[in-house]
Amino acid sequence: LDILNGQLLTPDELDGWLDELEAAVPNVRINVVIEACQSGSFIAGPGSISKAGRIVITSSDAVNDAKAS
């Protein structure tokens, strides 16, 4: 995804896609790995993609970068 070119993915959008997959494929196992700055925003607060039965791994919290300083 490329924010400079308007390519964004929100937690709500990804959560909706995952909900559709779970509805279409019973007992599917969802594993999500997000390696990006502020990737923890996908698991923190409202709009979280976290829920029972999903494994979500992020490389940072909601406010920090995902790179070595």
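Analysis parameters
Residues numbered from 1 in each chain as written. Predicted model: local features only at pLDDT ≥ 70, side-chain atom pairs only at ≥ 80, totals over all residues. Heavy atoms only, no water. Helix = DSSP H or I, 4+ residues; strand = E, 2+ residues; numbered from the N terminus. Buried < 20%, exposed > 50% of the residue type's maximum accessible area, 1.4 Å probe, protein only. Contact = heavy atoms within 4.5 Å. Areas by Shrake-Rupley, 256 points an atom, 1.4 Å probe, with all protein chains shown as cover. Expected span 1.5 Å × (residues − 1). Arc of directions from axis to C-beta. Salt bridge = Lys/Arg side-chain N within 4 Å of Asp/Glu carboxyl O.

**A word on the overall build of the protein**
When helices and strands are tallied, the protein shows one helix and two strands. Counting from the amino terminus, helix and strand elements in the protein follow one another as α-β-β. Considering only C-alpha atoms, the protein reaches an extent of 40 × 25 × 20 Å along its principal axes. Put simply, the protein has 69 residues, and 22% of those count as buried. Looking at the protein alone, contacts between residues at least 24 apart form 46% of all its contacts between residues at least 6 apart. Surface accessibility of the protein: about 5000 Å² in total, with carbon and sulfur atoms responsible for 56%.

**As for helix α1 (residues 11–24)**
Taking 1.5 Å as the rise per residue, α1 with 14 residues should run 20 Å; its terminal C-alpha atoms sit 20 Å apart, in good agreement. Here α1 has its buried residues at P11, L14, D15 and L18. When α1 is viewed along its axis, its buried side chains cluster within an angular range of 100 degrees and face the same direction. For α1, the exposed residues set more than 90 degrees away from the buried face come down to D12, E20, A23 and A24. Of the surrounding secondary structure, the elements contacted by the buried residues of α1 are β1 (30–34) and β2 (54–58).

**Notes on the pattern of salt bridges**
Considering all chains together, one arrives at five salt bridges under this definition. One salt bridge in this structure joins K51 and D19, with 3.5 Å as the shortest N-O distance. One end of the pair, K51, is in the loop between β1 and β2; the other, D19, is in helix α1, with 32 residues separating them in the sequence. Among the residues examined, D19 registers a relative accessible area of 31% and is labelled partly exposed. One network of salt bridges, in which partners are shared, links D15, D19, E22, K51 and R54.

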